[in-house]
Amino acid sequence: MMQHKYRKYRQLTIAGQTYNPEALFHLSEEKLTDEHVPAWEKEIYRFILEWLSDEDTILVQTSGSTGTPKKMPVRKDAMLQSAFNTIDFFGLTPGMSALLCLPVNYIAGRMMIVRAFAGGLDLVPVPVTGRPLQHLAGPVDFASMIPLQMMNELSVEPSRLHLLRTVMLGGSAVSNELVRKLENQTFRAWETYGMTETLSHIALRPLNGNESSMTRLSQKNMDKTESCEFHQTNILNKFYTDEKNNFFTPLKNVRIFTDERNCLVVDAAGITNTPVVTNDIVEINKNGTFRIKGRIDNIINTGGVKVSPEEIEQRLSGLVPEPFYISSRPHPSLGNEVVLVVPRKPDNVDALLQRLRNVLPPYHAPKDVVVKQPFRMTESGKIRRD
């Protein structure tokens, strides 16, 4: 395991200019004391000072994926290990450019800076907005966005998408509609799976790409053992395909299995001190890939049938002509009934509900339409289902 290795990675290139640790320290202090520097940019330099310090840990804000949101200390060496995992997966080399368009007060933005430190990448910071590409002057080799940002770029100004080479999308689920819009793009797009507790993503899913090329991540063998309802899968070694598919492939040195609830448990060597138990219900294939079926804390019990709102939303993608999500409300005999939540009332509610009943099992189909405006969203673009 790396011990204090982060201290070797204190040189950083920003917008084409390389700074040694001393120059970077002074630059950061200047930025933080300049009243004309915007808040989003100050967050970058505040984190850089944390990275340059001799403290072995940094406090990060969790998103609530595994429980109540909280601040937690993480080891800088663990962040460095996570960065190297991503750098190795994508084959990033020194001098390649990395777009930073996510808030640095969360792990996704912080890890982009750490990857630049670790890989000698040229960090390209832009304002944190819904359309980050409008601030780019030239192409970038590597980027990370939330799905909402990518959807905005595809819908509002697609002419700037040629500036992208490889993009990771995370923070919230990627919809079928967004996947369809990505199919004919020239850049490669990947959906990530991860959380603050795993220091960004531990698995990736290709969202576009027409040619299947099998690439070795490490060795060939993969073990799977089962004991009652507890599955343990060794995914240290396997293959992945970069052709579009519905399953995530764990990065090297990441072991996954399920607990008694069929929820994912993650053990990432050099990153997690102990296995991280999630609330994500998963299906794990024999080859070690997995897909998310929904969150156990979102499960709707309707008439004794347990329904995943996320799975229903995937099935209905493209059938509802506006933004929507699946929720529930109390019912006298069913306990709860499934409802479709939309920002405005459809022209013909009965016709819409019948169309949805035609593609869903009886207990999964929404029984009514509920209007809610506006939808409450998290910073990463997830809908708050309250």
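Up top is the structure.
Just so it is clear, the structure is predicted and the values come from calculations on it, not from any experiment.

Enquirer: Give a detailed account of the overall build of the protein, specifying residues and quantitative values.
Expert: The secondary structure content of the protein amounts to eight helices and 24 strands. Taking all 386 residues of the protein together, 48% fall into the buried category. Sequence separation of 24 or more characterises 58% of the internal contacts of the protein that already satisfy a separation of 6 or more. If you sum the accessible surface of the protein, you get close to 18200 Å²; carbon and sulfur atoms cover 49% of it.

Enquirer: How would you summarise the sheet that holds strand β23 (residues 335–342) if you had to cite specific residues and measurements?
Expert: Spatially, β22-β23-β24 is the arrangement adopted by the three strands of the open sheet, whose pairing is mixed. Each end of this open sheet is capped by a strand with a single partner; those strands are β22 (325–331) and β24 (368–371). The average angle at which neighbouring strand axes cross in this sheet is 45°, direction not considered. Pairing analysis gives seven bridges linking β22 to β23, with the strands arranged antiparallel. Directly across from Ser328, in β23, lies its bridge partner Val338. Along the sheet, helix α7 (residues 309–316) contacts β22 and β23; its crossing angle with β22, the most-contacted strand, is approximately 130°.

Enquirer: Describe a negative patch on the surface, with residues and values.
Expert: A grouping of Glu29, Glu30, Asp34 and Glu35 is seen on the molecular surface, where their side chains present a negatively charged patch. Examined against the element boundaries, Glu30 turns out to sit in helix α1 (residues 21–33). Overall, Glu30 belongs to the exposed group, its relative accessible area being 53%.

Enquirer: With reference to specific residues and values, describe the sheet that holds strand β1 (residues 12–14).
Expert: Hydrogen bonds along the backbone pair up the strands of a sheet, which may run parallel or antiparallel. If you trace the nine strands from one edge of the open sheet to the other, you get β2-β1-β6-β5-β7-β8-β9-β10-β15, paired in mixed fashion. Each end of this open sheet is capped by a strand with a single partner; those strands are β2 (17–19) and β15 (249–250). As defined by bridge partners, strand β5 (residues 97–100) adjoins strand β6 (residues 122–125) across four bridges and the pair is classed as parallel. Bridge pairing in β6 places Ser97 opposite Asp122. Across the sheet, helix α3 (residues 76–90) lies against β7 (140–145), β8 (164–169), β9 (188–195) and β10 (200–206), angled at about 20° from β10, the strand it touches most.

Enquirer: Residues and numbers for the nonpolar core, please.
Expert: Membership of the largest hydrophobic core comes to 59 residues, with the highest contact counts inside it found for Leu24, Ile48, Trp51, Met79, Ile113 and Phe290. Setting aside chain neighbours within four positions, we find Trp51 in contact with Tyr6, Tyr9, Arg10, Ile58, Lys76, Met79, Leu80, Val114 and Phe117. Counting 24 residues, the second-largest nonpolar core is a separate cluster that includes Leu164, Val167, Ala189 and Leu207.

Enquirer: Report on unusual backbone geometry, specifying residues and quantitative values.
Expert: Here the bond from Gln373 into Pro374 is cis, since omega is -5°, no more than 30 degrees from zero. Unusually for a residue other than glycine, Leu199 sits at a positive phi of about 55°. The residue Leu199 is located in the loop between β9 and β10 in this model. Exposure remark for Leu199: the relative accessible area of 2% places this residue in the buried category. We note that Asn253 has phi near 65°; this positive angle belongs to a residue other than glycine. Here Asn253 is to be found in the loop between β15 and β16 (254–258).

Enquirer: I'd like a description of the side chain of Ser82, backed by residues and values.
Expert: For Ser82, the position within the fold is in helix α3. The exposure class assigned to Ser82 is buried, which follows from its relative accessible area of 2%. Once you skip the residues sitting within four places of it in the chain, Ser82 turns out to touch Met111, Thr198, Leu199, Ser200 and Ile271.

Enquirer: Any chance you could break down helix α4 (residues 107–119) for me, citing the residues and the numbers?
Expert: With 13 residues, α4 extends 18 Å from end C-alpha to end C-alpha; this agrees with the ideal 18 Å at 1.5 Å per step. Most of α4 sits out of view: 12 of its 13 residues are buried. Taken together, the buried positions of α4 are Ile107, Gly109, Arg110, Met111, Met112, Ile113, Val114, Arg115, Ala116, Phe117, Ala118 and Gly119.

Enquirer: So, the environment of Thr198: which residues are in play, and what are the values?
Expert: Considering the arrangement of structural elements, one finds Thr198 in the loop between β9 and β10. Considered as a pair, Thr198 and Pro275 are 77 residues apart in the sequence and their alpha carbons are 9.5 Å apart. In contact with Thr198, other than residues within four places in its own chain, are Ser82, Val266, Ile271, Thr272 and Val276. Only 3.0 Å separates the side chain of Thr198 from the backbone oxygen of Met195, close enough to count as a polar contact.

Enquirer: Tell me about the side chain of Asn208, residues and numbers included.
Expert: Tracing the backbone shows Asn208 in the loop between β10 and β11 (214–216). From its side chain, Asn208 meets the backbone oxygen of Leu182 in a polar contact 3.1 Å long. Here Ala189 takes part through its backbone nitrogen, which lies 3.0 Å from a polar atom of the side chain of Asn208.

Enquirer: So what's going on with the packing of α1 against helix α2 (residues 39–52)? Residues and values would help.
Expert: Two elements in contact, α1 and α2, have axes whose closest approach is 9 Å; the angle formed by their N-to-C orientations is 140°. The angle between α1 and α2 falls in the class oblique. When you trace α1 past α2, the crossing you get is left-handed. Only Glu41, Lys42, Tyr45, Arg46, Ile48, Leu49 and Leu52 of α2 make contact with α1, whose side of the interface consists of Pro21, Leu24, Phe25, Leu27, Ser28, Glu29, Lys31 and Leu32.

So, how was this worked out
- Residues numbered from 1 in each chain as written.
- Predicted model: local features only at pLDDT ≥ 70, side-chain atom pairs only at ≥ 80, totals over all residues.
- Heavy atoms only, no water.
- Helix = DSSP H or I, 4+ residues; strand = E, 2+ residues; numbered from the N terminus.
- Buried < 20%, exposed > 50% of the residue type's maximum accessible area, 1.4 Å probe, protein only.
- Contact = heavy atoms within 4.5 Å.
- Areas by Shrake-Rupley, 256 points an atom, 1.4 Å probe, with all protein chains shown as cover.
- Pairing = 2+ DSSP bridges.
- Axes fitted to C-alpha atoms, helices over the stretch in contact; angles between N-to-C directions.
- Patch = residues over 30% accessible without salt bridge, like charges linked within 9 Å, V, L, I, M, F, W, Y side chains within 5 Å.
- Salt bridge = Lys/Arg side-chain N within 4 Å of Asp/Glu carboxyl O.
- Lys, Arg positive; Asp, Glu negative; His and termini not counted.
- Charge placed at Lys NZ, Arg CZ, Asp CG, Glu CD.
- Core = buried A, V, L, I, M, F, W, Y, C linked by side-chain atoms within 4.5 Å.
- Expected span 1.5 Å × (residues − 1).
- Polar contact = N/O pair within 3.5 Å; in protein donor to acceptor, adjacent residues only side chain to side chain.
- Parallel < 35°, antiparallel > 145°, perpendicular 65-115°, else oblique.
- Left-handed = near helix turned anticlockwise from the far one by under 90°.

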